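Close look at the chain arrangement
One letter stands for each residue in the lines below.
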Amino acid sequence: MAVVQAGFAIIGVANLIKVSHTPQTLSVSCAVVSCCYVLQLAHCSPQVRSRLRHIRWTLAAQAALSFSPVLLLGHESGAMCGFLAGACTVVLQPRLSHILFCLISLAVFAVALLTGDDLYTAGFMLLSCVSIGLISHALSRLVDLVTELHRRREESAWVAVSQERIRFTQDLHDLFSYNLSAITLKTELANRLIGRDDAQARKELAESLQITRSALADVRRVVHGKRRLHLRDEVERGHHVLQAANIEVSTEGDFRHIEPRIGSVLAVVLREAVTNILRHSQASRCRIALGTCSTGSGHQIELVVANNGVAGSPEPTGTTAESDDRYGGNGLDHMAARVEKLGGVLQTEAADGWFVLKVCCPTQSPATLQVTTPGPPTTFEPRSRSHQQGR
């Protein structure tokens, strides 16, 4: 833009040289064109224009300089007034700028006729003013668009990095909270069994080692963004871990026929719920139920995780996840955010010594699960340990 407008400025100087008969008038004319060129760049540059506090006054100064050759030399330069017309379209509001653009062009035409030029020369001056004004306007808008494009690209890159950081943080939280809790639990159990039941202690240590290796593999998948959990696998893992903590577990529903995108999110929710039970409750019973129901908006998949580890009888927490350390802290907020991306909702409730976590997600596929209507937590009847091992 600067180079193109410099070319038009040189044309303006060449026009003034023709009618400048003394070195003084030539020097003044060159100074006037130089000042107009600098003001034009300031008005057309988005970085400089945003810093000008009195831009209307600088535009008025450019207008005075553009028409000053009429008083100095009795001649008007179409290039300089073209600069002015283009600057008006950039600085002022559209309606006012269009009016001034037309008035400036007509003024150039009228001055050319009044100073003795023929109709052909006056028409040429008018065409020069209009063309240079439109070119200046187009170049300045192009600069604005390119600047805005670079700004949006920087914002997009920042958003992409932030989203990847959030994904990485959430995946690490989901991964290590569960695995470290399970490893801690099994290690403590093995420590208590050493000397009393060495075979069972070795079994617990072997399972702890298996969880450690699985966590290491998950870390590699998290780094490469290829980690995907499966609900059925998480139900089995949670079942074994809770049993190792002497928590009676019952499961209801078919966990196999789940859409992958929904199943992955529900697996994350279940993993966080199991981690919260191990870390933040004194539960002795847990119930995991999966069912479907039909609503006005279509099929809904419903996952319920309930445990009796709430001390006292706190009030229900409402329909959104509460950031309460008793029930899992920020983990519930992360789970709620994941569920909301699927168009679902996460609800938590604590009553009568039970803490209930419920997730409802819409699905486009017809339900293949058996529709279940989980009863209240107080009517939960856990299965016996022997029955669970038989399953």
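Residues numbered from 1 in each chain as written. Predicted model: local features only at pLDDT ≥ 70, side-chain atom pairs only at ≥ 80, totals over all residues. Heavy atoms only, no water.

1. Observations regarding the overall build of the protein
- Tallying secondary structure elements over the protein gives 12 helices and five strands in all.
- Sorting the 391 residues of the protein into buried and exposed places 43% on the buried side.
- Within the protein, counting contacts between residues at least 6 apart in sequence, those at least 24 apart form 70% of the total.
- About 21000 Å² of surface is accessible on the protein, with carbon and sulfur atoms providing 59% of the total. (Helix = DSSP H or I, 4+ residues; strand = E, 2+ residues; numbered from the N terminus. Buried < 20%, exposed > 50% of the residue type's maximum accessible area, 1.4 Å probe, protein only. Contact = heavy atoms within 4.5 Å. Areas by Shrake-Rupley, 256 points an atom, 1.4 Å probe, with all protein chains shown as cover.)

2. Considering helix α6 (residues 94–114)
- Over its 21 residues, α6 runs 30 Å from end to end, which matches the ideal 30 Å to within 8%, given 1.5 Å per residue.
- Every buried residue of α6 is accounted for by S97, F101, I104, S105, V108, V111 and A112. For α6, the buried positions fall inside an angular range of 130° around the axis, keeping them on one side. Summarising the geometry of α6, the exposed residues directed more than 90 degrees from the buried face are R95, H98, L103, L106 and L114.
- Looking one or two residues beyond α6, the residue adopting positive phi is G116, at roughly 105°. (Expected span 1.5 Å × (residues − 1). Arc of directions from axis to C-beta.)

3. Let's talk about the packing of helix α9 (residues 231–244) against helix α10 (residues 260–280)
- Two elements in contact, α9 and α10, have axes separated by 8 Å at closest approach and are oriented at 10°. The orientation of α9 relative to α10 falls into the category roughly parallel. Counting all contacts with α9, which are made through L231, E234, V235, R237, G238, V241 and L242, the residues of α10 involved are G263, L266, A267, L270, R271, V274, I277 and L278.
- In terms of residue class, the contact of α9 with α10 is built from 10 nonpolar, two polar and three charged. (Axes fitted to C-alpha atoms, helices over the stretch in contact; angles between N-to-C directions. Parallel < 35°, antiparallel > 145°, perpendicular 65-115°, else oblique. Nonpolar A, V, L, I, M, F, W, Y, C, P; charged D, E, K, R; others polar.)

4. Quick look at the pattern of salt bridges
- This structure, assessed with the given rule, holds 11 salt bridges.
- Residues R261 and E259 are paired through a salt bridge, measuring 3.5 Å at the closest nitrogen-oxygen approach.
- Salt bridges sharing common partners tie together E148, R151, R152 and E155. (Salt bridge = Lys/Arg side-chain N within 4 Å of Asp/Glu carboxyl O.)

5. Observations regarding the pairing of strand β5 (residues 354–363)
- Burial within β5 is extensive, with eight of its 10 residues counted as buried.
- Direction of pairing for strand β4 (residues 345–351) relative to β5: antiparallel, over a ladder of seven bridges. Bridging from a neighbouring strand, A350 pairs with F355 of β5.
- In this antiparallel pair of consecutive strands, β4 and β5, the connection spans two residues, and D352 shows a positive phi of 55°. (Pairing = 2+ DSSP bridges.)

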